Amino acid sequence: MKPPRHLLEVDDLSPAELAEVLDLADDPSPPQALDGKGMALLFEKPSARTRHSMEMAVVQLGGHPVSVAKGEVDIDNRESAEDVARTLACYHAAIGARVFDHNLLTRMAAVSPVPVVNMLSDQAHPLQALGDLLTVKQAFGGISGHRIAFVGDANNVSRSLAIAAGLAGTEFVISGPPGYRLSSADLDRISATGGTAEIIDDPAEAVADAHVVYTDVWVSMGEEKQSSEKMDAFASYTVDEALMGQAASDAIFLHCLPARPGLEVTEGVLYGPQSRIWQQAENRMHAARGLLAFLLGAS
């Protein structure tokens, strides 16, 4: 029996495997890779899109999703992360976990005999990046050769997207204030994919001729104590109609949601004609389905 394939970050896939996952995501008749099987979906952090997209992806592969709230498991208090993974693997063909600390996923994957999927951690959000690339592919008929401009915080969303862009052969630039930019380790990891992530001070310069303009909330879940500080730092990084006007004429706007209209993006852009946020949200389900079909086929 082959060892399981895990996905803790997008670069757990090769460029060819990433393309295969996205092709599977577009398959209207996916292989029933979970027929008669279950998948455990463990949530330390709540989510609307992640729970619904993952549960329906499992159903569409013929399986049964079991969502587990934080208090039902209480990792490292009631039971270690390792023993949680071993227990869930007794019943399920795969495990998904949405956690605060990425190290928990690493520990679970180290002992799990079934695939472990990162549904979000403080370091990475690979499922979001897969859905994002699928949206770009659908909008332009392909991914490579386009410019993705991220305006805002170099957080888990932008980090995974930058890595995914490198694997897919498309340009990625990011604009945000000092102190909230990609680290040298992030840049090295992106470079290892064969891509680059250019850091640009001026958001208008970053967005110039971009095919995709992307932003996220300035204050993520768990960062509430930094709210005032971050609001001040990002005050000049709102994606508004004037900024979108700097992008390519056929540019699309993306946001991983939930959004805060009037802060990181204006209502006119968020719900405007260039926005693809609902297609992007739906693609979380399709991308998850493609990924699970790939991982279970590779195991």
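Placed above this text is the structure.
Values in this document were obtained by computation on a predicted structure and should not be read as measured data.

Chemist: Describe the pairing of strand E6 (residues 171-175), naming the residues involved and giving the relevant values.
Modeler: Of all 5 residues in E6, 4 are buried, a share of seventy percent or more. Taken together, the 5 bridges between strand E5 (residues 147-151) and E6 define a ladder with parallel strand orientation. Bridge pairing in E6 links Arg147 to Glu171. Following the backbone out of E5, through helix H7 (residues 156-168) and into the adjacent parallel E6, one traces a crossover that is right-handed.

Chemist: If you had to explain the packing of aromatic side chains to someone new, which residues and values would you point to?
Modeler: In the structure shown here, the tally under the stated rule is 4 aromatic pairs. Ring geometry for Phe150 against Tyr214: centres 5.2 Å apart, planes inclined by 25 degrees, an arrangement best described as stacked. Taken together, the residues span a long stretch of sequence, with Phe150 in strand E5 and Tyr214 in strand E8 (residues 212-215) at a distance of 64 residues. Here Phe150 matches Tyr214 in class, with each residue buried. Note on Tyr180 and Phe234: the rings are 5.1 Å apart at their centroids and 50 degrees apart in plane angle, and the pair reads as tilted. Of the two residues, Tyr180 sits in the loop between E6 and helix H8 (184-192) while Phe234 sits in the loop between helix H10 (227-233) and helix H11 (241-244), which places them 54 residues apart along the sequence. A relative accessible area of 0% places Phe234 in the buried class. Put simply, the rings of Tyr180, Trp218, Phe234 and Tyr237 touch in pairs and so form one group of aromatic residues.

Chemist: Please set out the sheet that holds strand E2 (residues 64-69) residue by residue, giving values where relevant.
Modeler: Here 4 strands make up an open sheet; going across it, the order is E2-E1-E3-E4 and the pairing parallel. For this open sheet the edge positions go to E2 and strand E4 (116-120), each flanked by a neighbour on one side alone. Neighbour to neighbour, the strand axes of the sheet diverge by 20 degrees on average, direction disregarded. Summarising the sheet, strand E1 (residues 38-43) and E2 pair through 6 bridges and their orientation is parallel. In the sheet register, Leu42 faces E2, and the bridge partner there is Val68.

Chemist: How would you explain the pattern of salt bridges if you had to name every residue and give the values?
Modeler: Tallied over the full model, the rule gives 12 salt bridges. Among the salt bridges present, the one from Asp83 reaches Arg86, with a minimum N-O distance of 2.8 Å. Linking Asp83 with Arg86, this pair stays in helix H4 (residues 81-89), spanning 3 residues, or about one helical turn. Asp83 sits in the partly exposed class, given a relative accessible area of 34%. Judged by relative accessible area, Arg86 falls into the partly exposed class, the value being 41%. Through salt bridges with shared partners, a single network forms among Asp23, Asp26 and Lys137.

How each quantity is defined
- Throughout, residues of each chain are indexed from 1 in the direction in which the sequence is written.
- Totals for whole chains, interfaces and linings use all residues, but because this is a predicted model, local features are given only for residues with pLDDT of at least 70 and pairs of side-chain atoms are given and counted only at 80 or more.
- Side-chain descriptors were evaluated using all non-hydrogen atoms of the structure, hydrogens and water having been removed beforehand.
- Relative accessibility decides the category of a residue: with a 1.4 Å probe and only protein chains considered, values under 20% of the type maximum give buried, values over 50% give exposed, and everything between is partly exposed.
- The helix and strand labels rest on DSSP assignments: H or I over at least four residues marks a helix, E over at least two residues marks a strand, and numbering proceeds from the N terminus.
- Here, any two strands with at least 2 DSSP bridges between them count as paired.
- Crossover handedness is defined by viewing with both strands directed away from the observer: a clockwise path from the first strand over the helix to the second marks the crossover as right-handed.
- What counts as a ring pair is set by centres within 6.5 Å for rings of Phe, Tyr and Trp (its six-membered ring), and what kind of pair is set by the plane angle: stacked under 30 degrees, edge-to-face over 60, tilted for all other angles.
- For every element, the axis is a line fit to its C-alpha atoms; helices are fit only across the contacting stretch, and the angle between N-to-C directions ranges from 0 to 180 degrees.
- Salt bridge criterion: a side-chain nitrogen from Lys or Arg within 4 Å of a carboxyl oxygen from Asp or Glu.

Function cannot be inferred from these measures alone, as they are strictly geometric.
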